[in-house]
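# Architecture and fold: a report
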Amino acid sequence: MRQTCLDMVYNLAKKDDRVVFIGSDLGPGVLDQFREEMPDRFFMEGVSEANIIGMAAGMAMEGYIPYVNTIATFLTRRCLEQISMDLCLHNLPVRLIANGGGLVYAPLGPTHIAIDDIALMRSQPNMAVVSPTDLEEMKRFMPTTLDWPSPIYIRLGKGGDPVVPGQPETFEIGKAALVKPAGDVLIAASGVMVNRALEAADILDGKSVNCGVANFHTIKPLDEPFLLNLAKQVQTIVTVDEHLVSGGLGTAILECLNDQYDGPLPNVTRLGIKDQFTIEYGSQESMLSSFGLQPPQLAEAILAAVKGINHTDEKTLPKLSI
């Protein structure tokens, strides 16, 4: 997914002279062809993430469309003030490409694990937040970034994820997609969790629980009409976040239903990472398992939600003590 995104930046730059690329200490080999063919629009800075946000803001004010790329935690936590004051306050068309959203950098520990990035970016006025599911959706999404008038946060997975079946042939920022028809239950997910939600739904089909799956690739602006329409058709909505439960897609969905839904609300269960830092080192897959976010665990939690059971994940990590 990451390589596809960068390849798309190169292709967009060949077609549009406004496109510039700014990276932060990404190492040799990143977009070499871009650097060789368009050196005046390629910038690889050192470990200076806050500085590259300022650079991008200045270039955007001069009419360019900067695509900024670095590790998600450094791009969000470290640069939050610059993103807020330099980009969002002035509503500038800068694209923040965040490597390793979620648990991708599990081998490097909590300093590199982006489990609060969606919450941080959702909180900023004018910022769009997009989490593509796979490389094919990335290909459909990237051309739409040229004409979007405001900043965009692009959450990248590790790559190599299976292509999600049943996706629309086009992409529109702010428009969700139903990838499996809803029954009594709707699973709402984004990014790499969409495939896992589909696997969980398949498991539940064998237990006579009919689950639909919706891909909310755009977490902000949320597709509110789509959500409100589906909420009338289901009894239970389960949200799945590779993120803290607080502030992610589940929170966005709860806010929409609370503020705009007219009628008795469906039951809503949010699955994600509890209010804690990670303390394990491992792989993305092992960390997803630790937080109960692999398909069999999701199916178990969804089944408990349907039955009205207070499901508690016994594998929740202990709190970090220093």
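Keep in mind it's a predicted model, so treat the numbers as computed, not measured. (Residues numbered from 1 in each chain as written. Predicted model: local features only at pLDDT ≥ 70, side-chain atom pairs only at ≥ 80, totals over all residues. Heavy atoms only, no water.)

## A closer look at the sheet that holds strand β7 (residues 177–180)
- Within the open sheet, the five strands sit side by side as β7-β9-β8-β11-β12. Their pairing is mixed. Of all the strands in the sheet, the pair left with one neighbour each is β7 and β12 (267–273). Strand-to-strand twist of the sheet, defined as the mean angle between neighbouring strand axes without regard to direction, takes the value 25°.
- Sheet analysis places strand β11 (residues 236–244) next to β12, joined by six bridges and oriented parallel. (Pairing = 2+ DSSP bridges. Helix = DSSP H or I, 4+ residues; strand = E, 2+ residues; numbered from the N terminus. Axes fitted to C-alpha atoms, helices over the stretch in contact; angles between N-to-C directions.)

## A few points about the nonpolar core
- F21, F34, Y67, F141, M142 and L293 are the most contacted members of the largest nonpolar core, which totals 64 residues.
- Membership of the second largest hydrophobic core comes to 45 residues, among which are A57, L75, L96 and A214. (Core = buried A, V, L, I, M, F, W, Y, C linked by side-chain atoms within 4.5 Å. Buried < 20%, exposed > 50% of the residue type's maximum accessible area, 1.4 Å probe, protein only.)

## Looking at the confidence of the model for the protein chain
- Mean pLDDT over the protein chain stands at 93; residues scoring 70 or higher make up 96%.
- Every residue in residues 312–322 is under pLDDT 50, and counting partners more than four places away or in other chains gives 18 contacts. (pLDDT = per-residue confidence, 0-100. Contact = heavy atoms within 4.5 Å.)

## A closer look at the pairing of β11
- Where burial is concerned, most of β11 is hidden: nine out of the nine residues are buried.
- In the classification by handedness, the crossover that spans β11, the intervening helix α10 (residues 249–260) and the parallel β12 is right-handed. (Right-handed = clockwise from strand over helix to strand, strands pointing away.)

## Focus: α10
- Between its terminal C-alpha atoms α10 stretches 16 Å, which fits the 16 Å expected from 12 residues at 1.5 Å a residue.
- For α10, every residue scored as buried is listed here: L249, G250, T251, A252, I253, C256 and L257.
- Elements in contact with the buried residues of α10: α6 (117–122), β8 (185–189), β10 (218–220), α9 (224–231), β11 and β12. (Expected span 1.5 Å × (residues − 1).)

## A look at the packing of helix α3 (residues 49–61) against helix α5 (residues 80–88)
- Where α3 contacts α5, the two axes come as close as 9 Å, and the packing angle between them is 5°. The angle between α3 and α5 falls in the class roughly parallel. Taken together, the residues of α5 that come into contact with α3 (itself represented by A50, I53, G54 and A57) are Q82, I83, D86 and L87.
- Tallied by class, residues from the contact of α3 with α5 come to five nonpolar, two polar and one charged. (Parallel < 35°, antiparallel > 145°, perpendicular 65-115°, else oblique. Nonpolar A, V, L, I, M, F, W, Y, C, P; charged D, E, K, R; others polar.)

## A few points about the environment of A200
- Counting through the fold element by element, A200 comes out in helix α8 (residues 193–205).
- Overall, A200 belongs to the buried group, its relative accessible area being 0%.
- In this structure, the C-alpha to C-alpha distance between A200 and V9, residues 191 residues apart in sequence, is 34 Å.

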